[in-house]
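Read off the chains here:
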Amino acid sequence: MEIFKYMEKYDYEQLVFCQDEASGLKAIIAIHDTTLGPALGGARMWTYATEENAIEDALRLARGMTYKNAAAGLNLGGGKTVIIGDPFTDKNEEMFRALGRFIQGLNGRYITAEDVGTTVSDMDLIHEETNYVTGISPAFGSSGNPSPVTAYGVYRGMKAAAKEAFGTEMLEGRTIAVQGLGNVAYKLCEYLHNEGAKLVVTDINQAAIDRVVNDFGATAVAPEEIYSQEVDIFSPCALGAILNDDTIPQLKAKVIAGSANNQLQDSRHGDYLHELGIAYAPDYVINAGGVINVADELYGYNRERAMKRVDGIYDSIERIFAISKRDGVPTYVAANRLAEERIARVAKSRSQFLKNEKNILHGR
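Quick caveat, the model's predicted, so the values are computed rather than measured.

Chemist: Teacher, can you tell me more about the overall build of the chain here?
Modeler: The number of helices and strands found in the chain is 13 helices and twelve strands. Here the chain has a C-alpha radius of gyration of 21 Å; the compact-globule value for 364 residues is 21 Å, and the two agree. With respect to the principal axes defined by its C-alpha atoms, the chain has extents near 60 × 55 × 45 Å. Each of the 364 residues in the chain was classed as buried or not, and the buried ones make up 52%. Intrachain contacts of the chain at a sequence separation of at least 6 include 63% that bridge at least 24 residues. Computed over 37 positive and 49 negative side-chain charges, the separation of the two mean positions in the chain equals 9 Å.

Rendered as structure tokens:
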């Protein structure tokens, strides 16, 4: 991998390699763009096959966070940390404290959070060395479990997508297929049930299925049958890459709105959904409730303020559909443009400000 060529292609700002022999830490911090503010993105721990794989993942995820934070209206850029190692066997206190020192050394350019393979306890260890971390224990002023907040954002985004497809945001009487029944999806099902929606659900965990069936009167189907159900809305809340050549032709739904990351197997599948007239709510916009919530910790967490911002996901989805119509492009492209246009406006404003400051300095 030609690192500088890749960084130049997508305009990355910084790549930091972190090594601490005593603790066994091997980590990479990628900072993509800080036009809107310091880069915020979680610390992921994974058993990467090669160091190159880890670098690629850090870079890809950091760029994704730039778009996610920008589209969410946050004054934050995109960054990510990946830690090379097994999250079940390789963790120790010294490792995360060492990472905290590296993050502190960036002097606020990057703020970390929990991600795949890391926990609130890990964030607390990082917090021993730096304040540039979110998602710590509530005892330190954190927001706590982000799942209910993420679910609320998905619920609000789903209503906006329903309005686009059906002319009304009301979900009462709608049949909604929910794929995956983890913490976020369970709370989403509760919102949907309370509004009067009919639920068709699936999961590989029978206990998770039983809970939703018992609590919300849902109908359970086998995992491979979820795509072909006669439903109004399909809500993917489990794995990524589930919108592909095999699954899209099976869909009966007019709306796709769920919490899963990276739902499109390839960008061309977003084009496919657009051609079919399916209202697709781009994943990194509709599932941004969690990052909006932890970002509020940077101001001294206020739940009411955070939830108000999460409620704005509804408006973001509406703007994406408006851009899609305006430019005649699929919604995944429209979501990227929403983020890019905001970054460009701020960059232009900052450039003009610096130009004016220079003119004043030189008496022009």
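Here the narrative resumes, following the displayed structure.
Chemist: Mind showing me how you'd approach the packing of aromatic side chains here?
Modeler: Two aromatic rings, taken as a pair, are described by how far apart their centres are and by the angle between their planes. The tally for this structure, following the rule as stated, stands at eight aromatic pairs. Aromatic side chains Y227 and F234 sit 5.7 Å apart centroid to centroid with 55° between the ring planes, which places their arrangement in the tilted category. Accessibility classification places Y227 together with F234 in one group, the buried group. Through a chain of ring-to-ring contacts, the aromatic side chains of Y6, Y10 and Y12 assemble into a single cluster.

Chemist: For this particular structure, what's the right way to read the packing of helix α3 (residues 93–105) against helix α4 (residues 120–127)?
Modeler: Helix-helix packing is characterised by the crossing angle of the two axes and by the distance between the axes. Look at α3 against α4: their axes get within 7 Å of each other, and the N-to-C directions meet at 55°. Taken together, the axes of α3 and α4 are oblique relative to one another. Note on packing geometry: the crossing formed by α3 with α4 is right-handed. Residues E93, F96, R97, L99, G100 and I103 of α3 form the contact with α4, whose participating residues are D122, L125 and I126. Across the contact of α3 with α4, the residue classes tally to five nonpolar, one polar and three charged.

Chemist: Please explain the side chain of T81 as it appears in this structure.
Modeler: Here T81 lies in strand β5 (residues 77–84). You can call T81 buried: its relative accessible area is 0%. A distance of 2.9 Å separates polar atoms of two side chains, one belonging to T81 and the other to Y110. Beyond its immediate sequence surroundings of up to four residues, T81 is in contact with A27, I28, I29, G42, A43, R44, L99, Y110 and T112.

Chemist: I keep staring at the nonpolar core and nothing clicks. Help me out?
Modeler: When a protein is soluble and globular, its nonpolar side chains tend to lie buried together. Ranked by internal contacts, the top residues of the largest apolar core, which has 84 residues, are V178, L192, L199, F234, L243, L273 and I317. What I317 contacts, discounting residues up to four positions off in sequence, is G157, A160, A161, A281, V285 and I286. Core analysis: the next-biggest nonpolar cluster, separate from the first, contains 21 residues, C18, M45, M95 and L99 among them.

Chemist: Mind showing me how you'd approach the pairing of strand β4 (residues 43–46) here?
Modeler: As a general feature of sheets, a regular strand has side chains that alternate between the two faces. Two elements, β4 and β5, share four bridges in a ladder whose sense is parallel. In the strand pairing of β5, M45 is matched with I83. On the question of chirality, the crossover connecting β4 to the parallel β5 by way of helix α2 (residues 51–71) is right-handed.

Chemist: What is the right way to look at the pairing of strand β8 (residues 198–202) in this model?
Modeler: The element β8 is largely enclosed, with a buried count of four among its five residues. Relative to β8, strand β7 (residues 175–179) runs parallel, the two sharing five bridges. Bridging from a neighbouring strand, V178 pairs with V201 of β8. For the handedness criterion, the β-α-β arrangement of β7, helix α6 (residues 183–195) and β8 is classed as right-handed. Summarising the sheet, β8 and strand β9 (residues 219–220) pair through two bridges and their orientation is parallel. Note that in β9 the partner of V201 across the bridge is A220. Handedness of the crossover joining β8 and β9 through helix α7 (residues 206–216) is recorded here as right-handed.

Chemist: Can you help me understand empty space enclosed by the protein in this one?
Modeler: Remark: the empty space left among the atoms is shown by a probe the size of a water molecule rolled over them. Applying the stated criterion across every chain yields a total of two cavities of 30 Å³ or more. Considered as a void within the structure, the largest cavity measures approximately 40 Å³ in volume. Forming the boundary of the largest cavity are L74, I292, A295, D296, Y299 and R309. Split into classes, the residues belonging to the lining of the largest cavity amount to four nonpolar, no polar and two charged. Taken as a whole, the second largest cavity spans an internal volume of roughly 30 Å³. In terms of lining, the second largest cavity is formed by L74, N75, L76, A295, L298, Y299 and R309. When its residues are assigned to classes, the lining of the second largest cavity shows five nonpolar, one polar and one charged.

Thresholds, definitions, all that
Residues numbered from 1 in each chain as written. Predicted model: local features only at pLDDT ≥ 70, side-chain atom pairs only at ≥ 80, totals over all residues. Heavy atoms only, no water. Helix = DSSP H or I, 4+ residues; strand = E, 2+ residues; numbered from the N terminus. Rg over C-alpha atoms; globule rule 2.2 N^0.38 Å. Buried < 20%, exposed > 50% of the residue type's maximum accessible area, 1.4 Å probe, protein only. Contact = heavy atoms within 4.5 Å. Lys, Arg positive; Asp, Glu negative; His and termini not counted. Charge placed at Lys NZ, Arg CZ, Asp CG, Glu CD. Phe/Tyr/Trp six-rings, centres within 6.5 Å; stacked < 30°, edge-to-face > 60°. Axes fitted to C-alpha atoms, helices over the stretch in contact; angles between N-to-C directions. Parallel < 35°, antiparallel > 145°, perpendicular 65-115°, else oblique. Left-handed = near helix turned anticlockwise from the far one by under 90°. Nonpolar A, V, L, I, M, F, W, Y, C, P; charged D, E, K, R; others polar. Polar contact = N/O pair within 3.5 Å; in protein donor to acceptor, adjacent residues only side chain to side chain. Core = buried A, V, L, I, M, F, W, Y, C linked by side-chain atoms within 4.5 Å. Pairing = 2+ DSSP bridges. Right-handed = clockwise from strand over helix to strand, strands pointing away. 1 Å grid on protein atoms, 1.4 Å probe; cavity = no way out; pocket = protein on both sides within 12 Å on 5 of 7 lines; lining within 4 Å. Points joined across faces, edges and corners; volume = space filled by probe spheres on them.

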